[in-house]
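# Survey of secondary and tertiary structure
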Amino acid sequence: MSLVTSKEMFKKAYEGQYAVGAFNVNNMEIIQGIVDAAKEEQAPLILQVSAGARKYAKHIYLIKLVEAAIEDSGLPICLHLDHGEDFEICKSCIDGGFTSVMIDGSKLPFEENIALTKKVVEYAHERGVVVEAELGRLAGIEDAVNVSTKDATYTDPDQAVEFVERTSVDSLAIAIGTSHGAYKFKGDCNLDFDRLATISKLLPNFPLVLHGASTVLPEFVEKCNNYGGQIKGAQGVPEDMLLRAGKLGVCKINIDTDLRLAMTASIREHLSKNPSDFDPRQYLKPAREAITGMVKHKIRNVLNCSGRLK
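Quick caveat, the model's predicted, so the values are computed rather than measured.

Rules behind the numbers
- Residues numbered from 1 in each chain as written.
- Predicted model: local features only at pLDDT ≥ 70, side-chain atom pairs only at ≥ 80, totals over all residues.
- Heavy atoms only, no water.
- Helix = DSSP H or I, 4+ residues; strand = E, 2+ residues; numbered from the N terminus.
- Rg over C-alpha atoms; globule rule 2.2 N^0.38 Å.
- Buried < 20%, exposed > 50% of the residue type's maximum accessible area, 1.4 Å probe, protein only.
- Contact = heavy atoms within 4.5 Å.
- Areas by Shrake-Rupley, 256 points an atom, 1.4 Å probe, with all protein chains shown as cover.
- Lys, Arg positive; Asp, Glu negative; His and termini not counted.
- Charge placed at Lys NZ, Arg CZ, Asp CG, Glu CD.
- Phe/Tyr/Trp six-rings, centres within 6.5 Å; stacked < 30°, edge-to-face > 60°.
- Lys NZ or Arg CZ within 6 Å of the ring centre and 35° of its normal.
- Disulfide = S-S within 2.5 Å.

Looking only at helices and strands, one finds 12 helices and 11 strands in the chain. Computed over the C-alpha atoms, the radius of gyration of the chain is 18 Å, within 12% of the 19 Å expected from 2.2 N^0.38 for a compact globule of 310 residues. Considering only C-alpha atoms, the chain reaches an extent of 60 × 45 × 35 Å along its principal axes. Within the chain, the fraction of its 310 residues that count as buried is 56%. Of the contacts made within the chain by residues no fewer than 6 positions apart, 76% connect residues no fewer than 24 positions apart. Total accessible area computed for the chain in this model is approximately 13700 Å², and 49% of it derives from carbon and sulfur atoms. Across the chain, the centroid of the 36 positively charged side chains sits 3 Å from that of the 42 negatively charged ones.

What follows is the structure, encoded as structure tokens:
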């Protein structure tokens, strides 16, 4: 079995009114934890890599780890570049074995975003790789992405239609109120479902994507803080809202912050309770198990994609 694209995944997700989880990976334990969960739940899976992850772990190591995960699990896995900022990084990932890339031209003027996206789409499609783009800007911080609240803009439905038609992109990340990082909202979370429904109606059968969609699970925030962390006030997107989004054309939901919190909370707890431990395996094993449990929860209760491989 080899890497697959997300095209068939999204077709089934749209028809079944559920979302596929796209989980950010940085090392072996994170990959193993996610893949173990997806195998147990028999769920479709996208593993995605940011530019920061490529710098940290190196492209070749990540590719080989994902290939090992496929061989070990037998799962069809899509390997996706998250937030590619220019043509060069997208080309590098396409040439280097990725089956899906995101070109993020959302910071550019509309026409420039179209031109850049179209260039990536043409190169990718000739090589059997699918492309995600972004229209509208999410607030928040994630790796190299840093957008202030005042610079965030929601996706215009009419522009979304024009963008898709002119670029032939395969999926579109839209901005309806989610944001990157652990501090998504200061008050109540308000997602613009009317805007989402309008975009979905104007682009029937077309897969939409939500970035910045971690729920920032309170139990992990609390555990981090109880064992020396300082992440007071972290707040994410409520799970029921993400379930609802999956019924309105959102076929891919990105999850990164929750992985970080699950792993860090577990490591903090272990080292606090076992101060004499210094073997990384002693604290990375429970951290990997924490990720598996959290991802299983996401698959069942947030993405609604458990058992969808059958």
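On to the packing of aromatic side chains, then. Per the counting criterion, the structure on display carries 2 aromatic pairs. Plain terms: the ring middles of F87 and Y123 are 5.6 Å apart, the flat faces sit at 80° to each other, and that makes the pair edge-to-face. With F87 in helix α5 (residues 87-95) and Y123 in helix α6 (residues 110-125), this residue pair connects regions lying 36 residues apart in the sequence. For the pair F87 and Y123, a shared accessibility class is recorded, and that class is buried. Where F110 meets F163, the ring centres are 6.3 Å apart and the plane angle is 50°; that geometry is what we call tilted. Here F110 is found in helix α6, whereas its partner F163 is found in helix α7 (residues 157-167), with 53 residues between them in sequence. Relative accessible area serves as the criterion here: at 17%, F110 is assigned to the buried category. Against the face of F87 rests K119, its NZ or CZ located 4.4 Å from the ring centre. If you follow R244 out to its NZ or CZ, it ends over the ring of F193, 4.0 Å from the centre.

All right, on to the state of the cysteines then. The final tally for this structure, using the stated rule, is 0 disulfides. Free cysteine: C251, not disulfide-bonded; nearest cysteine sulfur from C305 at 12 Å.

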